[in-house]
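Take a look at the letters that make up each chain.
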Amino acid sequence: MSTSTDPAPASAPGGDTPRPPVAARHELTRVHHGDTVVDPYDWLRDKDDPAVLAHLRAENDYAEAVTADLEPLRQSIFEEIRSRTQETDLSVPVASGPWWYYSRSFEGAQYAVECRAPRVPGAPRPEPTPKTAVPDEQVLLDGNVEAEGEEFFALGALTVSPDHRWLAYALDTQGDERFALRVKDLQTGEVVDTSVAEIGYGCVFSLDGRYVFYTRVDATWRPHQVWRHEVGTPSEGDVLVHQEDDERFWMGLGVSRDDRWIMVGLGSKTTSEVRLLDAADPTGELRVVAPRREGVEYDVEPAGDRLLIVHNADSIDSDLAWAPLGSTSAEQWQPLMRSASGERFQAVDAFDDVCVLSLRKDGLTALRVLDRDAGSDSGFGGWHDLRFDEPVYQVGLGDNPESDTAAVQVVFESMVTPRTVYDYDYRTRELTLLKRQPVLGGYDPAAYEQRREWVTAEDGTRVPLSLVYPAGARRDTTRPGMLTGYGSYELSSDPYFSVARLSLLERGFVYAIAHVRGGGELGRGWYDDGKLTAKKHTFSDFVDCAAYLVDSGWVAPDRLVAEGGSAGGLLIGAAVNLAPERFRAVHAAVPFVDALTTILDPSLPLTVVEWEEWGNPLEDPAVYAYMKSYSPYENVRRAAYPAILATTSLNDTRVSFTEPAKWVARLREETTSDPAQRPVLLRTEMVAGHGGKSGRYDAWRQVAWEWAFLVDQAGAWDGGPRSET
């Protein structure tokens, strides 16, 4: 037996080692800007090709064979998640008109059940227990009934008409994020309309409930149209309300809190435009709040007799303005509040007596309450911030459908505090606890510690790193660790609570979130410094965070694993190319690892809308060369790679299964690591989408499968590192 410090996975097979599938090579040549690339695996693209499906199934079989010995660990992690979860539970009832709305979950059921109960004037919020019904409770939608006979189920919309008679919802049973629209009469329980199919996310009602508005997507999966449908009529009579022809622009659909305005948001990565429609005049015309200006982004919130607008016309981190309700030009915007240094304004919500500004402040999320002041031109006066005493956390507004309220719902969580829902009385500035996510089995937050540290990147930039670990853990270079990150689209990887993560912490893990450039943690500049031709900062920041965890003693050098999904999968792929020696194992979920090939093809989903994020390599040879220098598939090299698990879904419309399939084939060609100790695996869900499995138990089993692989590789199964044989 070897005395190597490299921990051997407990599942390392002995005897006849399973052999990995060998992908056939069919060379495809492409030429751009004088550069010739020969791609032998591009044929792994057609999901209707029997040879492609056979290869994916062979990969699944291989992954199962190699990890068969991990089944007890997978089962343990699954049971730990399940045993800590209150399976029969319900959300906080939320008032809307004459009803309290909430959702329930039941032990053994995969999906939520949406409910409501009558709201008695003057009566307090009901406090039902998980196992008892509220008097006269009404089931609006039972996801378990809708999902019967389906391997996948997801909702793309769930909205009640302003008069509370109709329920509109949208179903996806394939994972391709194309939805079938349904309208249900809540008085009779009858589904009265099934005529509309193939819609995008979201739908809204007109004020009288006669019409429902929805979006459609184009061939590249971009929402580009808003349609109006009269409930109960054939879809052939639906009317196109607006079409967005600029392929850079995405479309969103919503309604104001008072149901008065139907809102169409149009946005590229750098420019936006908002159009409003009077919900009482559903056949009328959309009104542009301010015509789009290249590089200017803005969001609109109707606030009674005026509009509130968060915009970046004058500041990179945005300001808050107000404008007359009927405004049609940015020239009508009047300053209300400027963002200070270290702040990034993100959104604003208006209520009768206050508005609440959502922002980032010093790297964390924050909420700021602005008081109404009828005597001021803006309509607002003093303000205050909500304050919390944990070192890392996230906070935001919860579900607040009514504007006439003395308290707003606020949701808080951290890496040790479970998701907590409060009522915040903005007059007394007091938080009233409504519900804290139950964690069964005697969970004690004091058993774990969280902190924020700062890592000095290779160019001197200070990168925030959020950590959680067992209380009292020392920096003794012995512990296993998991590092996660994302770093794209200005999306922040904020600290959060996870029941599943407890299965890592109780095995001694240090869990870390790297807030790398390309995300939004430290404002727009943080994002800009990790996109386009600064994208490599995202990857080098992550590697520097990995080095810090080891060099500072938090994690053993041979026990660090990493995980990231989607653009975070690109991060994982690039990081292991840069520094394969830093990681024992990695999990890349639905990973964007063949970025250059994808962004070169405008016919693929999302490509054109992504050019403002990555650049346009079709037109710009410098962008082409830069992307080619970091795209993971292009840069796999002869090296000792860590153990790698790539997971994907056959019906994913955002990142094709083709990308990890090609990446895995190339990795197997180049890695010099022992495949028995550091296997390269591909696991494909054959009926799922970008988010993987849909039911909660299926999702837990998926997490257990993936984390068992990482736990084992980190030598954290049955108490620590194991020697290689």
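Note that residues are indexed from 1 along each chain, following the sequence as it is written. Only residues with pLDDT of at least 70 are given local features in this predicted model, and only at 80 or more are side-chain atom pairs given and counted; all residues enter the totals for whole chains, interfaces and linings. No hydrogens and no water enter the side-chain calculation; it runs on all heavy atoms of the structure.

S.K.: I'd like to hear about the packing of helix α2 (residues 71-84) against helix α12 (residues 696-713), residue by residue, with values.
M.R.: Axis separation between α2 and α12 bottoms out at 8 Å; the angle between their running directions is 130°. When the axis of α2 is compared with that of α12, the two are oblique. Handedness of the α2/α12 crossing: right-handed. For the pair α2 and α12, the contacting residues are Leu 73, Arg 74, Gln 75, Ile 77, Phe 78, Ile 81 and Arg 82 in the first and Tyr 697, Trp 700, Arg 701, Val 703, Ala 704, Trp 705, Trp 707, Ala 708, Val 711 and Asp 712 in the second. Its residues placed into classes, the contact of α2 with α12 shows 12 nonpolar, one polar and four charged. In this analysis an axis means a line fitted to C-alpha atoms, helices contributing only their contacting stretch, and an angle means the value between N-to-C directions, from 0 to 180 degrees. Strands are runs of DSSP state E lasting at least 2 residues, helices are runs of H or I lasting at least 4, and numbering of each runs from the N terminus. Orientation categories follow fixed angle ranges, with anything under 35 degrees roughly parallel, anything over 145 roughly antiparallel, 65 to 115 roughly perpendicular, and all other angles oblique. Handedness of a crossing is defined here by the sense of rotation of the near helix relative to the far one, left-handed for an anticlockwise turn of less than a right angle and right-handed for a clockwise turn. When checking whether two residues touch, look at their non-hydrogen atoms; a contact exists if any pair is within 4.5 Å. Under the scheme applied here, ten amino acids are nonpolar (Ala, Val, Leu, Ile, Met, Phe, Trp, Tyr, Cys and Pro), four are charged (Asp, Glu, Lys and Arg), and all others, including Gly, are polar.

S.K.: With reference to specific residues and values, describe the confidence of the model for the chain.
M.R.: Per residue, pLDDT measures the predictor's confidence, with a range of 0 to 100. Counting all residues, the mean pLDDT for the chain is 94, and 97% of those residues have values of 70 or more. For the stretch residues 1-15, pLDDT sits under 50, and the model shows 41 contacts to residues farther than four places along the chain or on other chains. Ignoring residues within four places in sequence, the model shows residues 719-725, a span with pLDDT below 50, making 21 contacts including any to other chains.

S.K.: Talk me through the packing of helix α6 (residues 536-551) against helix α7 (residues 567-578); I want residue IDs and the actual numbers.
M.R.: Where α6 meets α7, the closest approach of the two axes is 9 Å, and the angle between their N-to-C directions is 65°. Taken together, α6 and α7 sit at an angle that is classed as roughly perpendicular. Considering only the axes of α6 and α7, their crossing is right-handed. Here Thr 538, Phe 539, Ser 540, Phe 542 and Val 543 of α6 lie close against α7, whose contacting residues are Leu 570, Leu 571, Ile 572, Ala 574, Ala 575 and Leu 578. Of the residues assigned to the contact of α6 with α7, the class counts are nine nonpolar, two polar and no charged.

S.K.: I'd like a description of the pattern of salt bridges, backed by residues and values.
M.R.: The working definition used for a salt bridge is a side-chain nitrogen of Lys or Arg within 4 Å of a carboxyl oxygen of Asp or Glu. All told, the structure shown has 51 salt bridges when counted by the stated rule. Note that Arg 74 is salt-bridged to Glu 64, the shortest N-O span being 3.8 Å. Taken together, the positions of Arg 74 in helix α2 and Glu 64 in helix α1 (residues 50-66) put the pair 10 residues apart, joining distant regions of the chain. Only protein chains enter the area calculation, which uses a 1.4 Å probe; residues under 20% of their type maximum are buried, those over 50% are exposed, and those in between are partly exposed. You can call Glu 64 partly exposed: its relative accessible area is 33%. A salt bridge links Glu 71 to Arg 74; the shortest N-O distance between them is 3.2 Å. Within this pair, Glu 71 and its partner Arg 74 are both found in helix α2, separated by three residues, close to a single helical turn.

S.K.: Give me the lowdown on the packing of aromatic side chains, citing residues and values where you can.
M.R.: Any pair of Phe, Tyr and Trp rings, taking the six-membered ring for Trp, is counted once the centres come within 6.5 Å. Such a pair is stacked with planes under 30 degrees apart, edge-to-face with planes over 60 apart, and tilted for the rest. Applying the stated criterion to the full structure yields 17 aromatic pairs. Between the aromatic rings of Tyr 393 and Phe 412, the centroid separation amounts to 5.3 Å while the plane-to-plane angle is 35°, which identifies the pairing as tilted. Of this pair, Tyr 393 sits in the loop between β27 (380-385) and β28 (394-397) while Phe 412 sits in strand β29 (residues 407-413), and the two are 19 residues apart along the sequence. The same class applies to Tyr 393 as to Phe 412, namely buried. Cluster of aromatic residues (ring-pair linked, three or more members): Phe 78, Tyr 697 and Trp 700.

S.K.: So what's going on with the sheet that holds strand β9 (residues 166-172)? Which residues, and what values?
M.R.: With antiparallel pairing, the four strands of this open sheet are ordered in space as β8-β9-β10-β11. Strand pairing shows two members of the sheet lacking a second neighbour, β8 (154-160) and β11 (190-193), which therefore form its edges. This sheet shows a mean twist of 30° between the axes of neighbouring strands, independent of strand direction. Here β8 runs beside β9; their pairing, made up of six bridges, is antiparallel. In the strand pairing of β9, Leu 155 is matched with Leu 171. Strands qualify as paired when DSSP identifies two bridges or more between them.

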